[in-house]
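Overview (structure and organization)
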Amino acid sequence: MITTEHLCKSYKVAKRNAGMKEACKALFRREVEIIPALSDVSFTIEDGEMVGYIGPNGAGKSSTIKILSGILTPESGSCFVDGYIPWKNRKEHVRRIGVVFGQRTQLWWDVPVIDSFELLKDIYSISPQEYRNNMEELTQLLHLQELLKMPTRQLSLGQRMRCEIAASLLHSPKILFLDEPTIGLDAVSKLAVREFILRLNQTHKTTVILTTHDMQDIEALTKRIILIGRGRVLMDGTLEDMRELAAVHGTVSELPSEETKQMPVDGAAIRQTVPIVHAGLEAGQGDKSLERIVAALYQKLDIV
């Protein structure tokens, strides 16, 4: 179980204007701005649950993942992951979790992927039998047969992400943190990653926390969503709950005004009176996207 209560975290960001004069001034007195990343974040995630953790850039998603994985220490609040405080019990904690950062790598750049896996085996003290079993399963499910002997730097982004996921699961973690695992992937690679994550959760009951900007990932993988914005939890519910909050309300009304068109037929001008229809849309996107609504209007109305 993962439990967080009233987590708060902020960063100090140094700022200065452009120019040599400003650079010299910054050597002696630096302007610092305090930016809050998390403000009173609380939630609970049960064992075996798969949760989508979503929000705009800078909302605090990655900061939360880093606190849950023990990389960052919060300024206040409490956090327990499977009974451990991540930043205090780091050695015991990291043996039970796997982390995939879409924009960072844990594989060594210039050596074959299998060498990185062997090194991770020693770091996590994985038994030979467990390592063989996990390697066979991960190689088959993620289709890594042709990739293990290649240096990481020669892999495509989709190939590297599959290897990254395998590296995070070699030690059989109970909890998997995925921070934008499908960023930059093509459609085929995304489908492969989604299928594997679903199978992992269903087969091994692995708890998965997924942060992403791709709502198709959320729809395909998770039933529960935690929406965060400006460091605060804005919503904790299902995808249907979020759709109801952002439902589209469409109104179509006929106005009394008219437009007259002239249609030339055999040299004679025939006047045709056409009622002007006004269509208005309110609120944000929900069950029907804006594009679908506009397309439906075009099919039913003669839009000028």
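This section reports on the structure supplied with the text.

About the cut-offs
Residues numbered from 1 in each chain as written. Predicted model: local features only at pLDDT ≥ 70, side-chain atom pairs only at ≥ 80, totals over all residues. Heavy atoms only, no water. Core = buried A, V, L, I, M, F, W, Y, C linked by side-chain atoms within 4.5 Å. Buried < 20%, exposed > 50% of the residue type's maximum accessible area, 1.4 Å probe, protein only. Helix = DSSP H or I, 4+ residues; strand = E, 2+ residues; numbered from the N terminus. Contact = heavy atoms within 4.5 Å. Pairing = 2+ DSSP bridges. Axes fitted to C-alpha atoms, helices over the stretch in contact; angles between N-to-C directions.

This part is about the nonpolar core. Residues Phe 117, Leu 144 and Leu 170 are the most contacted members of the largest nonpolar core, which totals 38 residues. In terms of residue count, the dominant contributor to this core is helix 6 (residues 157–169) (six residues). Discounting residues that sit within four places of it in the chain, Leu 170 has contacts with Phe 117, Leu 120, Ile 126, Tyr 131, Asn 134, Met 135 and Leu 138. Formed by 24 residues, the second largest nonpolar core is a distinct cluster that contains Phe 43, Cys 79, Ile 97 and Ile 209.

This paragraph deals with the sheet that holds strand 2 (residues 31–45). The strand order across the open sheet formed by three strands is 2-1-4, and the pairing between neighbours is antiparallel. Two strands bound the open sheet, and with one partner strand each, they are strand 2 and strand 4 (76–81). For this sheet the average axis-to-axis angle between neighbouring strands, irrespective of direction, equals 35°. Contacts between helix 2 (residues 61–68) and the sheet are confined to strand 1 (2–15), strand 2 and strand 4, with strand 2 contributing the most and set at about 65° to the helix.

A few words now on unusual backbone geometry. Residues other than glycine seldom take positive phi values, yet Ser 172 does so here, at roughly 55°. For Ser 172, the position within the fold is in the loop between helix 6 and strand 6 (175–179). Given a relative accessible area of 37%, Ser 172 falls into the partly exposed group. Even without being glycine, Arg 230 reaches a positive phi, approximately 55°. With respect to the helices, strands and loops of the structure, Arg 230 is situated in the loop between strand 8 (224–229) and strand 9 (232–238).

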